[in-house]
Amino acid sequence: MAKQVTVENLSVLFGSDKAKEQALKMIDEGYSVGDIREETGVTVANMNVNFDIQPDELFVIVGLSGSGKSTFIRTLNLLNKPTRGDIKINGESLLGLSKEALRSYRRKDVSMVFQHFGLLSHRSVLENVEYPLEIQKVNKKERIEKSRAALEQVGLKDWENSMPSELSGGMRQRVGLARALVNDPELLLMDEPYSALDPLIRREMQNELLNLDDSSERTIVFITHDMNEAFRIGDRIALMRDAEVVQIGTPLDFFKNPANDYVKDFIADVDKSRILKARNIMRKPLNVVTLDMTAKQARTKMEDTQSEYAFVVNEDKEYLGFIVAQDLEKSEARSLKKFLKEDHHVLRRNTYLSDALKALQSSTYDVAVLDKKQHLRGVISNDEIIAALAE
Ligand SMILES: Nc1ncnc2c1ncn2[C@@H]1O[C@H](COP(=O)(O)OP(=O)(O)OP(=O)(O)O)[C@@H](O)[C@H]1O
Ligand SMILES: [Mg+2]
């Protein structure tokens, strides 16, 4: 299961203990980060940060250099300690973990990808990816199997015997990602992983990340200073400025209701039609039935949700098609199989809205939005797409 992260009133300060105490008081009195530094010499890197990251979410933190992004992500695996406040993973306080539990959390549950790859130059690609498993004392055979699978996931299957120096920047970053994926972490932390790459490779890597995320049960926290990148990949985004979160929301929230002029400026250069995807505006459908329901149960569900039709999934939540209330009228059928209609549009959740619009044309029903595994993730209507692009 992917992890839920709860950040509660988190402040991270750098300085001597005594000075930090004074700085915390100044925070409570409403002084700015600049004033606090001048008065106490303390750097306030994160100030009163509060938010939740949902399981499975691709959560992006964006902000200018020095705004506190790396400090935050490093606090998520306790490379930094909160000066005040707490972080909870699936409801459990990180600060309360025993040494042993913390070690296990770092080794098994969470992985981190860095901007500057951090590969070991004297080790081959495969040996680099094996490294985290080596530390966990996993046996050689299993290490190699898992590392090969991770390399395949990032498209580097044929490079396992190469040395890092023989690879391009994009390929090195892929090795870094494979190394982070090798223990199949439920929480993946990525600190500006693509900032050192040129724009074309960067875009390719963003698409690959979306694709990878589409087929996994994993929470991802991704840091960038590029708003276009943030909006291209983020389900939700937190914009940081001077240690604080200025705004948090979906890309559409930012376009619709920018919190202030700073946010407006920040998103001024973003091209909405090249950013917004089906996943950004889809809704959770209420009118969902499973194929093994009786016609009567399905009718009740549609009545309860005031729908004339319903989406049909199997027990694994895979989307199968839809049924129409009219067809089921008075039927006593034990299964929905014979009513199933399969001949209508579906959308992949990473489809750009501009492309979705072309595909849907004038469909009047809600359309199912699916991930790579054909799971029903949400629904969307033609009108909603038009409205989102027009705003
Ligand atoms: N270990 C540390 N000791 C002292 N100050 C630190 C430490 N780590 C970070 N800082 C300070 O905290 C502030 C926030 O730094 P942080 O690295 O979190 O910013 P960032 O948003 O990641 O910036 P960038 O985009 O440049 O990576 C900076 O003023 C930085 O100098
Ligand atoms: Mg940083």
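Cut-off values and rules
Residues numbered from 1 in each chain as written. Chains lettered and ligands numbered in written order. Predicted model: local features only at pLDDT ≥ 70, side-chain atom pairs only at ≥ 80, totals over all residues. Heavy atoms only, no water. Helix = DSSP H or I, 4+ residues; strand = E, 2+ residues; numbered from the N terminus. Rg over C-alpha atoms; globule rule 2.2 N^0.38 Å. Buried < 20%, exposed > 50% of the residue type's maximum accessible area, 1.4 Å probe, protein only. Contact = heavy atoms within 4.5 Å. Areas by Shrake-Rupley, 256 points an atom, 1.4 Å probe, with all protein chains shown as cover. Lys, Arg positive; Asp, Glu negative; His and termini not counted. Charge placed at Lys NZ, Arg CZ, Asp CG, Glu CD. Core = buried A, V, L, I, M, F, W, Y, C linked by side-chain atoms within 4.5 Å. Domains from an automatic or database assignment. Pairing = 2+ DSSP bridges. Axes fitted to C-alpha atoms, helices over the stretch in contact; angles between N-to-C directions. Near = heavy atom within 4 Å. Polar contact = N/O pair within 3.5 Å; in protein donor to acceptor, adjacent residues only side chain to side chain. Nonpolar A, V, L, I, M, F, W, Y, C, P; charged D, E, K, R; others polar. 1 Å grid on protein atoms, 1.4 Å probe; cavity = no way out; pocket = protein on both sides within 12 Å on 5 of 7 lines; lining within 4 Å. Points joined across faces, edges and corners; volume = space filled by probe spheres on them. Salt bridge = Lys/Arg side-chain N within 4 Å of Asp/Glu carboxyl O.

S.K.: Would you mind going over the overall build of the protein chain with me for this structure?
M.R.: Across its full length, the protein chain carries 16 helices and 16 strands. For the protein chain, the C-alpha radius of gyration of 24 Å lies close to 21 Å, the compact-globule estimate for 391 residues. Considering only C-alpha atoms, the protein chain reaches an extent of 75 × 55 × 40 Å along its principal axes. Within the protein chain, buried positions represent 51% of all 391 residues. Relative to all contacts within the protein chain whose residues are 6 or more apart in sequence, the contacts with residues 24 or more apart total 66%. Accessible surface, the protein chain as shown: approximately 19000 Å² in total, 46% of it carbon and sulfur. Treating the 55 positive side-chain charges of the protein chain as one cloud and the 62 negative ones as another, the clouds have centres 4 Å apart.

S.K.: Is there a simple way to explain the nonpolar core in this structure?
M.R.: In summary, soluble globular proteins display a tendency toward joint burial of nonpolar side chains. M190, F231 and I380 are the most contacted members of the largest nonpolar core, which totals 60 residues. Sorting elements by how many residues they give to this core places helix 7 (residues 169-181) first, with six residues. Counting only domains with at least three residues in this core, you end up with domain 1 (5-275) and domain 2 (288-390). Not counting residues within four places of it along the chain, the set of residues in contact with I380 comprises A278, I281, M282, R283, L347, L353, L360, Y365, D366, V367, V369 and I385. Of all hydrophobic cores here, the second largest spans 27 residues; its members include V5, L102, Y105 and V110.

S.K.: Whenever I open this one, the sheet that holds strand 14 (residues 346-348) confuses me. Can you help?
M.R.: Spatially, three strands are ordered 14-15-16 in an open sheet, and the strand pairing comes out mixed. A strand with exactly one partner marks an edge of an open sheet, and here the two such strands are strand 14 and strand 16 (376-380). The mean angle between the axes of side-by-side strands here comes to 30°, regardless of whether they run parallel or antiparallel. Here strand 15 (residues 367-370) runs beside strand 16; their pairing, made up of four bridges, is antiparallel. Residue pairing in the sheet places V369 in a bridge with G378 of strand 16.

S.K.: Mind showing me how you'd approach the sheet that holds strand 12 (residues 309-313) here?
M.R.: Within a sheet, each strand pairs with its neighbour through backbone hydrogen bonds, oriented either parallel or antiparallel. Taken in spatial order, the three strands line up as 11-12-13 in an open sheet, and their pairing is mixed. Bordering the open sheet on either side are strand 11 (288-290) and strand 13 (319-324), each of which pairs with just one other strand. Strand-to-strand twist of the sheet, defined as the mean angle between neighbouring strand axes without regard to direction, takes the value 35°. As defined by bridge partners, strand 12 adjoins strand 13 across five bridges and the pair is classed as antiparallel. Its bridge partner lying in strand 13, Y309 is registered against V324. Packing of helix 13 (residues 295-304) onto the sheet brings it into contact with strand 11, strand 12 and strand 13, and relative to strand 11 it is tilted by some 170°.

S.K.: When you look at the site of ligand 1 in this model, what are you seeing that I'm missing?
M.R.: Near ligand 1 you find F14, T43, A45, L64, S65, G66, S67, G68, K69, S70, T71 and E192, and these make up its full shell. In the model, an oxygen atom of ligand 1 is placed 2.5 Å from a nitrogen or oxygen of the S65 side chain. At a separation of 2.8 Å, an oxygen atom of ligand 1 approaches a polar side-chain atom of S70. Relative to its unbound accessible surface of 640 Å², ligand 1 loses 58% to contact with the protein. Counting only elements with at least two residues in the shell around ligand 1, the list comes to strand 2 (43-53) and helix 3 (69-76). Here the shell around ligand 1 is composed, by residue class, of three nonpolar, seven polar and two charged.

S.K.: Would you mind going over the layout of surface pockets with me for this structure?
M.R.: Empty pockets left among the atoms are what a rolling probe the size of a water molecule brings to light. Estimates place the volume of the largest pocket at around 880 Å³. If you go around the largest pocket, you meet 28 residues; those closest to its centre are M282, K284, L376, R377 and G378. Looking at the lining of the largest pocket, the elements with two or more residues in it are helix 12 (278-281) and strand 16. Of the residues assigned to the lining of the largest pocket, the class counts are ten nonpolar, five polar and 13 charged. Looking at which domains feed residues into the lining of the largest pocket, each of domain 1 (5-275) and domain 2 (288-390) supplies at least three. Approximately 440 Å³ is the volume attributed to the second largest pocket. In terms of lining residues, the second largest pocket is bounded by 16 residues, among which R106, V110, S111, M112 and P132 are the most central.

S.K.: Would you explain the side chain of R232 in this entry?
M.R.: You can see R232 is positioned in helix 9 (residues 227-233). One buried charged side chain, R232, makes no salt bridge at all; its nearest oppositely charged neighbour is E229, positioned 7.4 Å away. Separated by 2.4 Å, the side chains of R232 and Y352 make a polar contact. The residues contacting R232, other than those within four sequence positions of it, are R203, Q206, N207, L210, R274, I275, K277 and Y352.

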